[in-house]
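Each chain, written out:
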Amino acid sequence: MNANTTLTDIKKRKFSPVYLLHGEESYYIDLLSEALEEQVLTDAQKGFDQTILYGKDTSIVHVVNAAKRYPMMSDHQLIIIKEAQDLKWKTEEDLLLKYLENLTPTTILVFAYKHGKFDKRKKIYKAFEKAGVVVESAKLYENKIGEWVTEQFRVAQRQIHPQAAAMMAEYLGTDLSKIANEINKLILNVSKEQEIQPLHIEQNIGISKDFNVFELQSALAKRNTAKAMQIVNYFVANPKSNPLPVVIGNLGNYFTKILKYHYLPDKSPQVASKQLGVHAFFLKEYEIAARNFNRKKTFEVIHHLSVYDLKTKGLDVGPFTDNGEIIRELVFKILN
């Protein structure tokens, strides 16, 4: 089941007798576990009818025995097994399988199985699906983070500018918990009437709205040498915020998309944005870049980026070993 659908059901107090929350991404596993902790029982009831166990410190035998008990002070008892991947599944899962076939209706049993997928080939996985709710929390690819950020704001009934979403995706990485914390910060600090803009990202997260890889890409696309060198100098002065291998990697992806844009038979916004995997807002820039960098020049730029990527790794460095000189020379070659 979809994590957002499950979360909605939990908030509506539509509970399942058993949950298997598994996958490589911890964010949704934690989110749903915490939602159940908040929604099932009141603070007064938790002392009697809530049990938190850890996989490495308990056994399936103990879990099943606890699940067969009845609540004392409420309609349900809640049992959450954190780090459930540490349970002795191979030797004890048959006992749990029997329980899943004959559930205690007043027990809500939650398995938070982290750092990997539960084996879907197992009989017990099918039993989980039949008896309750199974949610897989999959790792998001880097190119999907921007869409995820936009969706989180949409769910919160807020709007974010495409460039602001792209900035967050690029500079915050793929840790969804970290990104979610920054999203919550923006929701709290920016009024409901305002769309989240790059300026808000700078003010609340500390990512410069004027000196970032997107502004560098834009300056290169427009062949604005002065602006490009100004941004490069900022990167050189702030290497921790703008590591050179990451900058070159981003430029490589950018010019690869420019090349792809050249070969698109249909360059309409709907088709092009889907093919390039970018928001339609950015297509005008790709159109400008394609005019300023023909196919031959784009191939040449991609070659330069490959060569200079090796230089950042200490290979074929030549006369320049300083990262500042490397990026300045690279940008000079891109623009000439």
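Data block above holds the structure.
Because the structure is predicted, anything quoted here is derived from the model rather than measured.

Could you clarify how one ought to interpret helix 15 (residues 283-292) in this entry?
Working note: α-helix, 3.6 residues per turn, so residues spaced by three or four point in the same direction. Within helix 15, burial applies to Leu283, Glu285, Tyr286, Ile288, Ala289 and Ala290. Contacts made by the buried residues of helix 15 are with helix 11 (213-221), helix 13 (244-262) and helix 14 (269-276).

How should I be thinking about the sheet that holds strand 4 (residues 107-113) in this particular structure?
Through backbone hydrogen bonds, the strands of a sheet pair up, either in parallel or in antiparallel fashion. Strand order in this open sheet of five strands is 2-3-4-1-5, and the pairing throughout is parallel. Edge strands, defined here as strands with exactly one partner in the open sheet, are strand 2 (50-54) and strand 5 (133-136). Between one strand axis and the next, the sheet turns by 10 degrees as a mean value, whatever way the strands run. In this structure, strand 2 lies alongside strand 3 (residues 77-82), joined through five bridges in parallel fashion. Opposite isoleucine 52, over in strand 3, you have isoleucine 80 as the bridge partner.

What exactly am I supposed to notice about the packing of helix 7 (residues 145-155) against helix 8 (residues 162-172) here?
Two measures define how a pair of helices packs: the angle their axes make with one another and the distance between the axes. Where helix 7 contacts helix 8, the two axes come as close as 8 Å, and the packing angle between them is 125 degrees. Comparing the axis directions of helix 7 and helix 8 gives the class oblique. Like other packed secondary-structure pairs, helix 7 and helix 8 cross with a definite hand, here right-handed. Each of Ile145, Gly146, Val149, Thr150 and Phe153 in helix 7 lies in contact with helix 8, whose residues at this interface are Ala165, Met168 and Ala169. Within the contact of helix 7 with helix 8, the residues separate by chemical class into six nonpolar, two polar and no charged.

Sorry, what's going on with the packing of aromatic side chains here?
The description of an aromatic ring pair rests on the distance of the ring centres and on the angle between the ring planes. All told, the structure shown has 14 aromatic pairs when counted by the stated rule. On the basis of an interplanar angle of 85 degrees and a centroid distance of 5.1 Å, the ring pair of tryptophan 89 and phenylalanine 118 is categorised as edge-to-face. Here tryptophan 89, found in helix 5 (residues 89-100), pairs with phenylalanine 118, found in the loop between strand 4 and helix 6 (123-131); they are 29 residues apart in sequence, far enough to count as distant. Each member of the pair tryptophan 89 and phenylalanine 118 is classed as buried. Their ring planes at 85 degrees and their centres at 5.9 Å tell us that phenylalanine 118 and phenylalanine 128 sit as a pair that is edge-to-face. Remark: phenylalanine 128 occurs in helix 6 and phenylalanine 118 occurs in the loop between strand 4 and helix 6; sequence separation between them is 10 residues. Given the relative accessible area of 3%, phenylalanine 118 is considered buried. Note on phenylalanine 128: relative accessible area 1%, which makes it buried. Taking the ring centre of phenylalanine 211 as reference, the NZ or CZ of lysine 227 above it sits at 5.1 Å. Lying over the aromatic face of tyrosine 261, lysine 267 brings its terminal NZ or CZ to 5.4 Å of the ring centre.

What counts and what doesn't
Residues numbered from 1 in each chain as written. Predicted model: local features only at pLDDT ≥ 70, side-chain atom pairs only at ≥ 80, totals over all residues. Heavy atoms only, no water. Buried < 20%, exposed > 50% of the residue type's maximum accessible area, 1.4 Å probe, protein only. Helix = DSSP H or I, 4+ residues; strand = E, 2+ residues; numbered from the N terminus. Contact = heavy atoms within 4.5 Å. Pairing = 2+ DSSP bridges. Axes fitted to C-alpha atoms, helices over the stretch in contact; angles between N-to-C directions. Parallel < 35°, antiparallel > 145°, perpendicular 65-115°, else oblique. Left-handed = near helix turned anticlockwise from the far one by under 90°. Nonpolar A, V, L, I, M, F, W, Y, C, P; charged D, E, K, R; others polar. Phe/Tyr/Trp six-rings, centres within 6.5 Å; stacked < 30°, edge-to-face > 60°. Lys NZ or Arg CZ within 6 Å of the ring centre and 35° of its normal.

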